[in-house]
Amino acid sequence: MFSFFASAGFGVLFNAPRSALASCGTTGAFGWIVFYLFREGGTDLVLASFLGALTLSAIAILNSRRKKMPIILFITCGIIPLVPGGLAYDAMRHVVLNEYMTALEYGFEAALISLAIAMGIISTEMADQVLQTIRKKLKREEV
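Since we're looking at a predicted model, the values are computed, not measured.

Engineer: Pulling in residues and values, what's your account of the overall build of the protein chain?
Structural biologist: From N to C terminus, the protein chain includes six helices and zero strands. Starting at the N terminus, the α and β elements of the protein chain follow one another as α-α-α-α-α-α. The principal-axis extents of the C-alpha atoms in the protein chain amount to approximately 65 × 35 × 25 Å. Within the span of the protein chain, comprising 143 residues, buried residues form 36% of the whole.

The following block contains the structure:
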């Protein structure tokens, strides 16, 4: 529930159209639910982030088509619950405290999670582009 409001709240912050706010919240909520379920199931944090990003990206594509709005609107708002801000904060805090090895651990983990989120988004969008291309080619062959 909090991830829905966080995503929708960032939609307000980013001046998203009012008609898109519920879809922005839904995108973030489903991404977080998938992340949470995999984490509770014992999946690694990086893999759970990747799967959450895959899910939210797929839902963002669907919302984008349904609402006839840019996909970036839904991805930007929906990704907020998955961003490893706490880990990045801990990394910077340990840098300030001159605890560089601990800072490196937190920073590396935050970077891996960020990379996993980016790869989840890119993978879903690439798969969608391939499917769209195949669909267009099949339509041409039918005619």
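Engineer: Please set out the pattern of salt bridges residue by residue, giving values where relevant.
Structural biologist: Under the definition given, this model contains two salt bridges. In this structure, the salt-bridge partner of Asp-90 is Arg-93, at a minimum N-O distance of 3.8 Å. Here the residue Asp-90 and the residue Arg-93 both occupy positions in helix α5 (residues 85-96), the gap between them amounting to three residues, near one helical turn.

Engineer: Can you tell me about the state of the cysteines, naming the residues and giving the values?
Structural biologist: Applying the stated rule across the entire model yields zero disulfides. The thiol of Cys-24 is unpaired, and the distance to the nearest cysteine sulfur, on Cys-77, comes to 3.8 Å. Using a relative accessible area of 0% as the deciding quantity, one classes Cys-24 as buried.

The rules behind each value
Going along each chain's sequence as written, the residues are numbered from 1 onward. Per-residue local features of the predicted model are confined to residues with pLDDT of at least 70, and side-chain atom pairs are confined, for both listing and counting, to 80 or more; whole-chain, interface and lining totals are unaffected and use all residues. To obtain the side-chain values, all non-hydrogen atoms of the structure were included, while hydrogens and water were left out. What counts as a helix is a DSSP run of H or I of at least four residues, what counts as a strand is a run of E of at least two, and both are numbered from the N terminus. Accessibility here uses a 1.4 Å probe with only protein chains present; expressed as a share of the type maximum, an area under 20% marks a residue as buried, one over 50% as exposed, and anything in between as partly exposed. We define a salt bridge as a side-chain nitrogen of Lys or Arg found within 4 Å of a carboxyl oxygen belonging to Asp or Glu. Cysteine sulfur atoms that come within 2.5 Å of each other are treated as a disulfide pair.

Nothing here speaks to function; it is geometry throughout.
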